[in-house]
Amino acid sequence: MANCNHWEGDTVSGNWLCAKCYAKLPDRPRKYGVERLELAKVYDGDNWWNPDGSRYPTRQTVTLAPISEAQGNTLAQFIEAMALRLIARTRGGFQKPDAMDYAIEILRTFGEPFGSDDMDWTSAGAWELVDEDMQYWDADETASN
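What follows covers the environment of Phe114. Topologically, Phe114 is positioned in the loop between helix H2 (96-110) and helix H3 (123-134). Here Phe114 falls in the buried class, since its relative accessible area comes to 7%. Taking the C-alpha atoms as reference points, Phe114 and Glu69, separated by 45 residues in sequence, lie 8.1 Å from one another. Those residues in contact with Phe114 that sit more than four places away from it in its chain are Ala19, Tyr22, Ser68, Glu69, Ala70, Asn73, Thr74, Leu75, Phe78 and Trp121.

The biggest cluster of nonpolar side chains holds 28 residues, and the ones touching the most others in it are Ile79 and Met82. Among the secondary structure elements, those contributing two or more residues to this core are helix H1 (75-89), H2 and H3. Tallying contributions element by element places H1 first for this core, with 8 residues. Beyond its immediate stretch of four places on either side in the chain, Met82 contacts Ala103, Ile106, Leu107, Ala126, Leu129 and Val130. Within the second largest apolar cluster, 6 residues are counted, among which are Trp16, Cys18, Leu25 and Ala65.

Once that is clear, we can look at the side chain of Thr74. With respect to the helices, strands and loops of the structure, Thr74 is situated in strand E9 (residues 73-74). In terms of polar contacts, Thr74 uses its side chain to reach the side chain of Asp10, at 3.2 Å. Sequence-distant contacts of Thr74, defined by excluding residues within four places in its chain, comprise Asp10, Ile67, Ser68, Glu69 and Phe114.

Let us now look at a nonpolar patch on the surface. Taken together, Tyr32, Val62 and Leu64 make up a surface patch of nonpolar side chains, about 300 Å² in accessible area. For Leu64, the position within the fold is in strand E7 (residues 58-64).

This next bit is on the pairing of strand E1 (residues 9-12). With 4 bridges joining them, E1 and strand E2 (residues 15-18) adopt antiparallel strand pairing. Of the residues in E2, the one forming a bridge with Thr11 is Trp16. Linkage of E1 to E2, two consecutive antiparallel strands, is achieved through a turn of 2 residues, within which Ser13 is found at a positive phi near 55°.

Attention now moves to the state of the cysteines. Counting across every chain of the model gives 0 disulfides. Take Cys4: it sits in no disulfide, and the sulfur closest to it among the cysteines is that of Cys18, at 3.4 Å. When its relative accessible area of 12% is taken as the criterion, Cys4 is described as buried. Assessed through its relative accessible area of 1%, Cys18 is described here as buried.

So, how was this worked out
- Residues numbered from 1 in each chain as written.
- Predicted model: local features only at pLDDT ≥ 70, side-chain atom pairs only at ≥ 80, totals over all residues.
- Heavy atoms only, no water.
- Helix = DSSP H or I, 4+ residues; strand = E, 2+ residues; numbered from the N terminus.
- Buried < 20%, exposed > 50% of the residue type's maximum accessible area, 1.4 Å probe, protein only.
- Contact = heavy atoms within 4.5 Å.
- Core = buried A, V, L, I, M, F, W, Y, C linked by side-chain atoms within 4.5 Å.
- Polar contact = N/O pair within 3.5 Å; in protein donor to acceptor, adjacent residues only side chain to side chain.
- Patch = residues over 30% accessible without salt bridge, like charges linked within 9 Å, V, L, I, M, F, W, Y side chains within 5 Å.
- Areas by Shrake-Rupley, 256 points an atom, 1.4 Å probe, with all protein chains shown as cover.
- Salt bridge = Lys/Arg side-chain N within 4 Å of Asp/Glu carboxyl O.
- Pairing = 2+ DSSP bridges.
- Disulfide = S-S within 2.5 Å.

In structure tokens form, the structure reads like this:
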């Protein structure tokens with residue numbers, strides 16, 4: 001698993017996948033914060049305090065990283081479209097987990113973050129990426145690598 005500090009992505013094959021660098025992370029990134037349960041007057045950087053010096057009740061908040069979307073697809077949907085295209089084009093030469101991993105490698109090779117304006121992020125765009133990558137494969141009788 002890689003280390004990444006980007007915020008957006010999606011869950012792909014059980015791991016969080018960064019939408020910028022396509023690093024696989026074990027969990028969806030989250031940010032923690034503190035929320036006041038009543039209106040407080042003074043915040044010292046750690047706690048909220050009443051004017052009389054007593055501490056205000058607080059609770060911890062968790063904000064999960066957002067799911068990346070582009071042109072009607074989430075990152076996971078786009079990668080799944082690529083994987084299904086790989087399986088179809090190789091006539092079953094890929095199992096789905098391997099096809100998903102290979103689709104991620106194709107995206108890393110192109111180097112464009114998911115959702116950038118320079119690429120087509122529709123299902124047709126997913127197929128086009130796979131077809132373009134497969135142009136460079138050595139073909140055998142089953143059209144697999």
